[in-house]
Amino acid sequence: LTLVADARTMAILAMRATQGPDSDFQHLRPVVSKAIEHGATIVTIIGDKGYDSEANRGFVVHELGAEAHIPLRKTHKKAENSQGFYRRRQLRVFDEALYHRRALVETVNSMLKRLSAVVRSRGERGQANELALRAVAHNARRAATLAHEG
């Protein structure tokens, strides 16, 4: 599950469900693009090492005009794009304190799991719909909580 969540409100702005274990880096662009299509303004992307790729960093910095706070994976020096422009840039601009806000997205993941730890649908489409409904329920709960807090 790849989520785009608002760090201030903890609302889910976009999500993408995948079947089984999968590498995360390929899902960043489509999920962030979906959040932008729905009206989100992206200033900072915070992700774990699974989203580390030169293409993702270029997309965030160059195309979105945002900052990427994604820690660098350990790569072999002979690997392609192991020391790209945006990865080297990350060494200068990475903010450890800001990166720790990633825990808020993990909290949102936990809140979704607490709605129900099991996806009951059998088919891929049904599972995606079930997760989407959980996201709607989560956002409704967050909106009610925020309205109550004033």
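This text gives an overview of the structure that appears in the document. Computed from a predicted model, the values in this text were never measured in an experiment.

## Focus: helix α5 (residues 102-115)
For α5, which comprises 14 residues, the first-to-last C-alpha distance of 21 Å matches the rise-based estimate of 20 Å (1.5 Å per residue) to within 8%. Every buried residue of α5 is listed here: Val-108, Asn-109, Met-111 and Leu-112. With its buried residues spanning 160° around the axis, α5 presents them on a single face. In α5, the exposed positions angled more than 90 degrees off the buried face are occupied by Lys-113 and Arg-114. Contacts from the buried residues of α5 go to β1 (2-5), β2 (12-16) and α6 (124-149).

## A closer look at the packing of aromatic side chains
Taken as a whole and judged by the stated rule, the model has two aromatic pairs. Here Phe-85 and Tyr-86 contribute two aromatic rings whose centre-to-centre distance is 5.0 Å and whose plane-to-plane angle is 85°, an arrangement assigned as edge-to-face. Judged by centre distance (5.5 Å) and plane angle (45°), the rings of Phe-94 and Tyr-99 are tilted. Residue class for Phe-94 comes out partly exposed when judged on its relative accessible area of 25%.

## Here we look at the side chain of Asp-52
With respect to the element layout, Asp-52 can be found in the loop between β3 (44-46) and α2 (54-63). Using a relative accessible area of 1% as the deciding quantity, one classes Asp-52 as buried. Setting aside its immediate chain neighbours within four residues, Asp-52 contacts Arg-57, Ile-70, Pro-71, Leu-72, Arg-73 and Arg-87.

## Things to note about the nonpolar core
Residues Val-4, Leu-28, Val-32, Ile-42, Ile-45 and Val-60 are the most contacted members of the largest nonpolar core, which totals 15 residues. A total of four residues in this core trace back to one element, the largest contributor, which is helix α1 (residues 28-37). Ignoring sequence-local partners within four residues, the contact set of Ile-45 consists of Leu-28, Val-32, Val-60, Glu-67, Ala-68 and His-69. Listed in part, the 10 residues of the second largest apolar core include Met-10, Met-15, Leu-112 and Leu-131.

## Some thoughts on the packing of α2 against helix α3 (residues 85-93)
The interhelical angle for the contact between α2 and α3, taken along N-to-C directions, is 70°, at an axis separation of 8 Å. Compared by their axis directions, α2 and α3 come out roughly perpendicular. Taken as a pair, α2 and α3 cross one another with a handedness that is left-handed. Contacts from Glu-54, Arg-57, Gly-58, Val-61 and His-62 in α2 reach Phe-85, Tyr-86, Arg-87, Arg-89 and Gln-90 in α3.

The rules behind the values
- Residues numbered from 1 in each chain as written.
- Predicted model: local features only at pLDDT ≥ 70, side-chain atom pairs only at ≥ 80, totals over all residues.
- Heavy atoms only, no water.
- Helix = DSSP H or I, 4+ residues; strand = E, 2+ residues; numbered from the N terminus.
- Expected span 1.5 Å × (residues − 1).
- Buried < 20%, exposed > 50% of the residue type's maximum accessible area, 1.4 Å probe, protein only.
- Arc of directions from axis to C-beta.
- Contact = heavy atoms within 4.5 Å.
- Phe/Tyr/Trp six-rings, centres within 6.5 Å; stacked < 30°, edge-to-face > 60°.
- Core = buried A, V, L, I, M, F, W, Y, C linked by side-chain atoms within 4.5 Å.
- Axes fitted to C-alpha atoms, helices over the stretch in contact; angles between N-to-C directions.
- Parallel < 35°, antiparallel > 145°, perpendicular 65-115°, else oblique.
- Left-handed = near helix turned anticlockwise from the far one by under 90°.

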